[in-house]
Amino acid sequence: CYHEDVGLLAYSPLAGGSLSGKYNGPPEQYEGARLTLFPGFMDRYKDSLNAKAIDAYCEVAKKHGLTPTQLSLSWCYHNPLVSSSIVGATSLSQLSENLKAHDIKLDDDCMSDITKVYKEFTDPTKARN
(Lines give C-alpha, C1' and ligand atoms only; values in the text may rest on other atoms or scores of the structure.)
Protein backbone atom coordinates (compact mmCIF):
# COMPACT_ATOMS: atom_id res chain seq x y z
CA CYS A 1 0.00 0.00 0.00
CA TYR A 2 2.75 2.45 0.96
CA HIS A 3 4.74 2.07 -2.28
CA GLU A 4 1.65 2.40 -4.47
CA ASP A 5 0.08 5.24 -2.46
CA VAL A 6 -3.00 3.15 -1.75
CA GLY A 7 -4.80 3.57 1.56
CA LEU A 8 -5.41 0.61 3.84
CA LEU A 9 -8.88 -0.19 5.12
CA ALA A 10 -8.59 -1.79 8.56
CA TYR A 11 -11.35 -4.39 8.60
CA SER A 12 -12.02 -5.53 12.16
CA PRO A 13 -9.16 -3.57 13.76
CA LEU A 14 -9.98 -5.20 17.10
CA ALA A 15 -9.75 -8.70 15.56
CA GLY A 16 -13.33 -9.59 16.39
CA GLY A 17 -12.93 -8.15 19.88
CA SER A 18 -9.72 -10.06 20.62
CA LEU A 19 -7.59 -6.90 20.76
CA SER A 20 -9.99 -5.38 23.30
CA GLY A 21 -8.54 -7.84 25.80
CA LYS A 22 -11.99 -9.16 26.68
CA TYR A 23 -11.09 -12.73 25.73
CA ASN A 24 -8.08 -12.93 28.02
CA GLY A 25 -8.75 -15.44 30.74
CA PRO A 26 -10.69 -18.69 31.03
CA PRO A 27 -13.15 -19.55 28.22
CA GLU A 28 -16.17 -19.71 30.55
CA GLN A 29 -15.67 -15.98 31.17
CA TYR A 30 -16.65 -15.12 27.59
CA GLU A 31 -19.31 -17.74 26.90
CA GLY A 32 -21.93 -16.27 24.57
CA ALA A 33 -19.50 -13.71 23.10
CA ARG A 34 -18.67 -13.48 19.39
CA LEU A 35 -15.64 -15.74 19.90
CA THR A 36 -17.96 -18.62 20.84
CA LEU A 37 -21.13 -17.82 18.88
CA PHE A 38 -20.00 -18.78 15.38
CA PRO A 39 -18.13 -22.13 15.24
CA GLY A 40 -14.98 -21.89 13.12
CA PHE A 41 -15.25 -18.13 12.56
CA MET A 42 -12.72 -17.12 15.20
CA ASP A 43 -10.55 -20.26 15.29
CA ARG A 44 -7.52 -18.40 13.95
CA TYR A 45 -7.55 -16.34 17.14
CA LYS A 46 -7.73 -19.34 19.47
CA ASP A 47 -5.12 -21.85 18.31
CA SER A 48 -2.06 -19.67 17.70
CA LEU A 49 0.31 -17.19 19.31
CA ASN A 50 -2.55 -14.73 19.33
CA ALA A 51 -3.13 -14.91 23.11
CA LYS A 52 0.52 -14.12 23.83
CA ALA A 53 0.52 -11.23 21.36
CA ILE A 54 -2.68 -9.81 22.84
CA ASP A 55 -1.27 -10.10 26.35
CA ALA A 56 1.79 -8.15 25.20
CA TYR A 57 -0.32 -5.42 23.57
CA CYS A 58 -2.50 -5.26 26.71
CA GLU A 59 0.65 -4.68 28.76
CA VAL A 60 1.68 -1.85 26.44
CA ALA A 61 -1.78 -0.30 26.83
CA LYS A 62 -1.63 -0.60 30.61
CA LYS A 63 1.88 0.88 30.74
CA HIS A 64 0.64 3.94 28.85
CA GLY A 65 -2.61 4.37 30.78
CA LEU A 66 -4.85 3.14 27.96
CA THR A 67 -7.32 0.35 27.43
CA PRO A 68 -6.36 -2.24 24.81
CA THR A 69 -9.19 -0.91 22.63
CA GLN A 70 -7.89 2.65 22.85
CA LEU A 71 -4.38 1.49 21.94
CA SER A 72 -5.54 -0.55 18.95
CA LEU A 73 -7.96 1.96 17.50
CA SER A 74 -5.80 5.02 18.11
CA TRP A 75 -3.01 3.29 16.22
CA CYS A 76 -5.39 2.71 13.29
CA TYR A 77 -6.98 6.16 13.39
CA HIS A 78 -3.67 8.02 13.32
CA ASN A 79 -1.56 5.75 11.13
CA PRO A 80 -0.94 7.61 7.85
CA LEU A 81 -1.20 4.35 5.88
CA VAL A 82 -4.72 3.64 7.17
CA SER A 83 -7.45 5.48 5.26
CA SER A 84 -10.39 4.08 7.19
CA SER A 85 -11.31 1.54 9.85
CA ILE A 86 -14.41 -0.60 10.15
CA VAL A 87 -15.22 -0.92 13.82
CA GLY A 88 -17.99 -2.93 15.37
CA ALA A 89 -19.69 -2.60 18.71
CA THR A 90 -22.38 -4.60 20.43
CA SER A 91 -23.13 -1.99 23.08
CA LEU A 92 -23.26 1.79 23.37
CA SER A 93 -20.36 1.72 25.83
CA GLN A 94 -18.21 -0.11 23.29
CA LEU A 95 -19.19 2.36 20.58
CA SER A 96 -18.36 5.27 22.87
CA GLU A 97 -14.91 3.84 23.65
CA ASN A 98 -14.29 3.21 19.94
CA LEU A 99 -15.15 6.79 19.03
CA LYS A 100 -13.22 8.38 21.92
CA ALA A 101 -10.09 6.50 20.86
CA HIS A 102 -9.91 8.90 17.92
CA ASP A 103 -9.00 11.73 20.33
CA ILE A 104 -6.03 9.79 21.72
CA LYS A 105 -2.62 10.31 20.12
CA LEU A 106 0.01 7.69 20.85
CA ASP A 107 3.38 9.19 21.78
CA ASP A 108 6.73 8.00 20.44
CA ASP A 109 7.44 5.84 23.51
CA CYS A 110 4.12 4.04 23.11
CA MET A 111 4.68 3.58 19.38
CA SER A 112 8.12 2.12 20.11
CA ASP A 113 6.57 -0.38 22.55
CA ILE A 114 3.96 -1.34 19.94
CA THR A 115 6.70 -1.88 17.37
CA LYS A 116 8.59 -4.19 19.75
CA VAL A 117 5.52 -6.37 20.23
CA TYR A 118 4.85 -6.36 16.48
CA LYS A 119 8.38 -7.50 15.73
CA GLU A 120 8.01 -10.37 18.19
CA PHE A 121 4.58 -11.42 16.91
CA THR A 122 4.53 -10.31 13.27
CA ASP A 123 1.67 -12.66 12.35
CA PRO A 124 0.44 -14.35 15.52
CA THR A 125 -2.52 -16.11 13.89
CA LYS A 126 -0.23 -18.28 11.76
CA ALA A 127 0.67 -21.68 13.20
CA ARG A 128 4.28 -22.07 14.26
CA ASN A 129 6.09 -25.38 13.99
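Structure's up top.
The model shown is predicted, which means the values in this text are computed figures rather than measured ones.

Parameters and conventions
Residues numbered from 1 in each chain as written. Predicted model: local features only at pLDDT ≥ 70, side-chain atom pairs only at ≥ 80, totals over all residues. Heavy atoms only, no water. Helix = DSSP H or I, 4+ residues; strand = E, 2+ residues; numbered from the N terminus. Buried < 20%, exposed > 50% of the residue type's maximum accessible area, 1.4 Å probe, protein only. Areas by Shrake-Rupley, 256 points an atom, 1.4 Å probe, with all protein chains shown as cover. Axes fitted to C-alpha atoms, helices over the stretch in contact; angles between N-to-C directions. Parallel < 35°, antiparallel > 145°, perpendicular 65-115°, else oblique. Contact = heavy atoms within 4.5 Å. Nonpolar A, V, L, I, M, F, W, Y, C, P; charged D, E, K, R; others polar.

Draft legend 1. Up close: the overall build of the protein. When helices and strands are counted, the protein shows 6 helices and 2 strands. Counting from the amino terminus, the protein carries its helices and strands in the arrangement β-α-α-α-α-β-α-α. Within the span of the protein, comprising 129 residues, buried residues form 35% of the whole. Of the accessible surface of the protein, which amounts to about 8400 Å², a share of 55% is contributed by carbon and sulfur atoms.

Draft legend 2. Representation of the environment of Tyr23 within the structure. Secondary-structure assignment places Tyr23 in the loop between strand 1 (8-11) and helix 1 (34-37). Classification of Tyr23 by relative accessible area gives buried; the value is 9%.

Draft legend 3. Geometry of the packing of helix 3 (residues 50-63) against helix 6 (residues 108-120). Orientation of helix 3 relative to helix 6, taken along the N-to-C sense of each, is 170°, at an axis distance of 10 Å. By the angle between their axes, helix 3 is roughly antiparallel relative to helix 6. On helix 6, the residues touching Ala53, Ala56, Tyr57, Val60 and Lys63 of helix 3 are Asp109, Cys110, Asp113, Ile114, Val117 and Tyr118. When its residues are assigned to classes, the contact of helix 3 with helix 6 shows 8 nonpolar, no polar and 3 charged.

Draft legend 4. Summary view of the environment of Tyr57. Positionally, Tyr57 belongs in helix 3. Placed 59 residues apart in sequence, Tyr57 and Lys116 show a C-alpha to C-alpha distance of 9.8 Å. Ignoring sequence-local partners within four residues, the contact set of Tyr57 consists of Leu19, Leu71, Ile114, Val117 and Tyr118.

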